[in-house]
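Structural overview
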Amino acid sequence: DAKTTQPPSMDCAEGRAANLPCNHSTISGNEYVYWYRQIHSQGPQYIIHGLKNNETNEMASLIITEDRKSSTLILPHATLRDTAVYYCIVRVIAAELMDTGRRALTFGSGTRLQVQP
Amino acid sequence: DVKVTQSSRYLVKRTGEKVFLECVQDMDHENMFWYRQDPGLGLRLIYFSYDVKMKEKGDIPEGYSVSREKKERFSLILESASTNQTSMYLCASTARADNVLTFGAGSRLTVL
């Protein structure tokens, strides 16, 4: 799996857009970008994933650069409840993994987003 | 909604005790995982299972074992708990061809 680099922490004002960057310069053509977040004292929660096109769902938008070497997760109107650690993970889809030993996702240290009132 | 339920939210055990952490999922997922999370170390994979009775070691399996007798249930066992196993334990599941994990709420274990 390609390595990802995220800033350790970020602040955002409540109501403003939170833009969380992720670098994955060694990404391969069949690797997707996944985002999860973990609110304090809870298990991580899936947010969104994409391959090369921008994606949007009810939680967030994912913008992937044309060369796919970086991406940005956008929370359009951050609220205090969005304060969490956000993880960017790059990964081939599980169906392509013939070796079952590689099916587990690896979480890095993520970005701690603090939404300020 | 997919649900992953961990049996205990908080546990306090003594050194040397045998500890069972239970995890049940209700979406017929093939893959189940146990992670532990410690400050500054992030999530680390202990064991995972991709089918009933199948298991594979993760990054830190020492001191742990697992059991998957039924598809919906994945148990983590600490044969003889030690203080360095004080941690938050997180169970997760996913369908076979999927990377979208659903996590439980976590079990915070304290070993005295």
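To be clear, the structure that these remarks concern was listed above.
No experiment lies behind these values; they were computed from the predicted model shown.

To continue, consider the overall build of chain B. On a plain count of helices and strands, chain B comes out with zero helices and eleven strands. Going residue by residue from the N terminus, the α and β elements of chain B occur as β-β-β-β-β-β-β-β-β-β-β. Taken against the 2.2 N^0.38 rule, which gives 13 Å for 112 residues, the C-alpha radius of gyration of chain B at 13 Å falls within 12% of a compact globule. Counting the 112 residues in chain B, one finds 51% classified as buried.

Below, the discussion takes up the pattern of salt bridges. All names here are of chain B. For the coordinates displayed, the defined rule picks out eight salt bridges over all chains. Between K71 and E30 there is a salt bridge, and its shortest N-O distance comes to 3.8 Å. Here the residue K71 occupies a position in the loop between β7 (65-70) and β8 (73-78), and E30 occupies one in the loop between β3 (19-25) and β4 (31-38), the gap between them amounting to 41 residues. E30 gets classed as buried once you look at its relative accessible area, which sits at 18%. What you see here is one network of salt bridges that share partners, running through D28, E30 and K71.

With that out of the way, let us pick up the sheet that holds strand β8 (residues 84-92) of chain A. Residue and element names in this part refer to chain A. The five strands lie next to each other as β1-β9-β8-β3-β4, forming an open sheet whose pairing is mixed. Among the strands making up the open sheet, the edge pair consists of β1 (9-13) and β4 (45-50). Strand-to-strand twist in this sheet, taken as the mean axis angle between neighbours without regard to direction, amounts to 25°.

This part is about the pairing of strand β7 (residues 70-75) of chain A. Residues and elements named next belong to chain A. The alternating pattern of β7 places S71, L73 and L75 on a buried face, while none of S70, T72 and I74, on the opposite face, is buried. Bridge analysis of strand β2 (residues 18-23) against β7 gives six bridges, and the strand direction is antiparallel. From the neighbouring strand, L20 faces β7, where its bridge partner is L73. In the sheet, strand β6 (residues 61-64) pairs with β7 via four bridges, with the strands oriented antiparallel.

Our next topic: the interface of chain A and chain B. It is common to give the size of an interface as the accessible area that goes away when the parts come together. Each partner contributes to the interface: chain A provides 21 residues, whereas chain B provides 20 residues. Roughly 1,700 Å² is buried in total at the junction of chain A and chain B, and carbon and sulfur atoms are behind 55% of that figure. If you look at where chain A meets chain B, you find zero salt bridges. For the pair chain A and chain B, the interface holds four residue pairs in polar contact (both at pLDDT 80 or more).

Here is what the cut-offs are and how they apply
- Residues numbered from 1 in each chain as written.
- Chains lettered and ligands numbered in written order.
- Predicted model: local features only at pLDDT ≥ 70, side-chain atom pairs only at ≥ 80, totals over all residues.
- Heavy atoms only, no water.
- Helix = DSSP H or I, 4+ residues; strand = E, 2+ residues; numbered from the N terminus.
- Rg over C-alpha atoms; globule rule 2.2 N^0.38 Å.
- Buried < 20%, exposed > 50% of the residue type's maximum accessible area, 1.4 Å probe, protein only.
- Salt bridge = Lys/Arg side-chain N within 4 Å of Asp/Glu carboxyl O.
- Pairing = 2+ DSSP bridges.
- Axes fitted to C-alpha atoms, helices over the stretch in contact; angles between N-to-C directions.
- Contact = heavy atoms within 4.5 Å.
- Buried area = accessible area lost by both parts, 1.4 Å probe.
- Polar contact = N/O pair within 3.5 Å; in protein donor to acceptor, adjacent residues only side chain to side chain.

Function cannot be inferred from these measures alone, as they are strictly geometric.
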